[in-house]
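Coordinates in review
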Amino acid sequence: MTVALGHRGSPLPFTGMQTEPPSSPQRGPLRWSRTPRLHRPIIVAAFEGWNDAGDAASTAVRHIRDRLHARPFAEIDPEEFFDFTSTRPIVELVDGHTRRITWPTTELAANDGDGVGSVVTLIGHEPQLKWRTFCETVLTVARAVDARMVVVLGALLAEVAHTRPTEVFGSSYDEQLSAELDLEPSNYEGPTGIVGVLHAACVDAGIPSISLWASVPSYVPGAPSPKAALALVRRTMPLLDVVVPVTDLEIAAAAYERQVSRLVSEDDDTANYVA
């Protein structure tokens, strides 16, 4: 039995530390809106969709973005990367009468600062088209801001119990990073998502990167998991040289565990399975 809780282009010519958005009309899918003040930031990325069980990865990156007061500075135009018959834009009414279309844009934000603790967050839907071009666009930003590392977050359904601490496992193809962060090379073989492709693209580009994945109980597939999001934030925080408050995630995670436990207890088969 499944417990249902309800569901809530071409690179720009930047190198080194240059982060100035171009003053001339911008071409290609990357759109700069301002110049972030950064010192060798870490990029933390997550994508909604196949790589984001329980919305855990995207929730974690949004939490980091919001708690660090990161402000948008660039976005990736979706035109080249999405089939809009599959991922449809959303129509909204502004002030009750003005219609506005919201597209599935990938947004980059930064907590501007000249010292340690510079962080760039990347959040978007998993693209459906031109993944290599998409990843090269992300790497254009990484080179422009002189990123020292890319951390790609993901979450997957697994045979784990909601009552136990959330497992977060990480991998890196960089031997030095693996040793420093106690990571292991991934031995996974099979279909992959944009998380795996971006991680591999960073390796090919010589940009240090790691991939962190949280496990979400397979019997709660449709519910957002703040518990897994909390685990990802805690695992990512030591990499960022900055403190990210997590009190609200802790409260949400405790409520999630109580709610799932209550629902599980109402079905003997599921209760036995969890036990």
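Quick caveat, the model's predicted, so the values are computed rather than measured. (Residues numbered from 1 in each chain as written. Predicted model: local features only at pLDDT ≥ 70, side-chain atom pairs only at ≥ 80, totals over all residues. Heavy atoms only, no water.)

**Quick look at the overall build of the chain**
- Counting secondary structure elements, the chain contains 7 helices and 10 strands.
- Buried positions account for 47% of the 275 residues belonging to the chain.
- As presented, the chain carries roughly 13,900 Å² of accessible surface, and 51% of it is formed by carbon and sulfur atoms. (Helix = DSSP H or I, 4+ residues; strand = E, 2+ residues; numbered from the N terminus. Buried < 20%, exposed > 50% of the residue type's maximum accessible area, 1.4 Å probe, protein only. Areas by Shrake-Rupley, 256 points an atom, 1.4 Å probe, with all protein chains shown as cover.)

**Some points on the packing of helix H1 (residues 56–67) against helix H5 (residues 226–240)**
- Across the interface, H1 lies against H5 with an axial gap of 8 Å and an inter-helix angle of 50 degrees. Between H1 and H5, the angle is such that the two are oblique. At the point where H1 passes H5, the crossing takes the right-handed sense. Across the interface between the two elements, Ala 56, Ala 57, Thr 59, Ala 60, His 63 and Ile 64 of H1 pack against Ala 228, Ala 229, Leu 232, Val 233, Thr 236 and Leu 240 of H5.
- Partitioned by chemical class, the residues of the contact of H1 with H5 number 9 nonpolar, 3 polar and no charged. (Axes fitted to C-alpha atoms, helices over the stretch in contact; angles between N-to-C directions. Parallel < 35°, antiparallel > 145°, perpendicular 65-115°, else oblique. Left-handed = near helix turned anticlockwise from the far one by under 90°. Contact = heavy atoms within 4.5 Å. Nonpolar A, V, L, I, M, F, W, Y, C, P; charged D, E, K, R; others polar.)

**Considerations on the sheet that holds strand E9 (residues 168–171)**
- Spatially, E1-E3-E6-E7-E2-E8-E10-E9 is the arrangement adopted by the 8 strands of the open sheet, whose pairing is mixed. Two strands in the sheet have a free side with no partner beyond their single neighbour: strand E1 (30–32) and E9. Across this sheet, the average inter-strand angle for adjacent strands is 25 degrees, counted without regard to direction.
- One ladder, built from 7 bridges, connects strand E2 (residues 42–48) with strand E7 (residues 119–125); its direction is parallel. In the strand pairing of E7, Ile 43 is matched with Val 120.
- Here helix H4 (residues 194–205) sits on the sheet and contacts E2, strand E8 (149–158), E9 and strand E10 (209–217); the angle it forms with E10, its principal contact strand, is near 165 degrees. (Pairing = 2+ DSSP bridges.)

**Looking at the pairing of strand E4 (residues 90–94)**
- With 5 bridges joining them, E4 and strand E5 (residues 98–102) adopt antiparallel strand pairing. Its bridge partner being in E5, Val 94 is matched across the sheet by Thr 98.
- Linking E4 to E5, which pair antiparallel, is a turn of 3 residues; within it Asp 95 sits at a positive phi near 60 degrees.

**Regarding the pairing of E2**
- For E2, the tally of buried residues reaches 6 of 7 residues, placing the bulk of the element in the interior.
- Examined bridge by bridge, E2 and E8 share 4 bridges and lie parallel to one another. Looking at E8, one finds that Ile 43 is bridged to Val 150.

**A short note on the environment of Phe 169**
- Relative to the assigned elements, Phe 169 resides in strand E9.
- In this structure Phe 169 comes out as partly exposed when scored by relative accessible area, which is 41%.
- The spatial distance from the C-alpha of Phe 169 to the C-alpha of Glu 184 is 8.6 Å, given a sequence separation of 15 residues.

**Re the packing of aromatic side chains**
- One pass over the full model with this rule turns up 5 aromatic pairs.
- Between Tyr 219 and Tyr 273, the ring centres sit 6.0 Å apart and the planes meet at 85 degrees, which makes this aromatic pair edge-to-face. You can see Tyr 219 sitting in the loop between E10 and H5 and its partner Tyr 273 sitting in helix H7 (residues 268–274), a full 54 residues away along the chain.
- Using a relative accessible area of 45% as the deciding quantity, one classes Tyr 273 as partly exposed. (Phe/Tyr/Trp six-rings, centres within 6.5 Å; stacked < 30°, edge-to-face > 60°.)

**Re the pattern of salt bridges**
- Inspection of every chain in the model, using the stated rule, returns 14 salt bridges.
- We note a salt bridge from Asp 66 to Arg 65, for which the minimum N-O separation is 3.0 Å.
- Close ionic contact of Asp 112 with Arg 71 constitutes a salt bridge, the shortest N to O distance being 3.9 Å. Note that Asp 112 is positioned in the loop between strand E6 (106–110) and E7 and Arg 71 in strand E3 (residues 71–76), a separation of 41 residues in sequence.
- For Arg 71, a relative accessible area of 47% puts it in the partly exposed group.
- Among the ionic contacts, a cluster of salt bridges with common partners joins Arg 34, Arg 71 and Asp 112. (Salt bridge = Lys/Arg side-chain N within 4 Å of Asp/Glu carboxyl O.)

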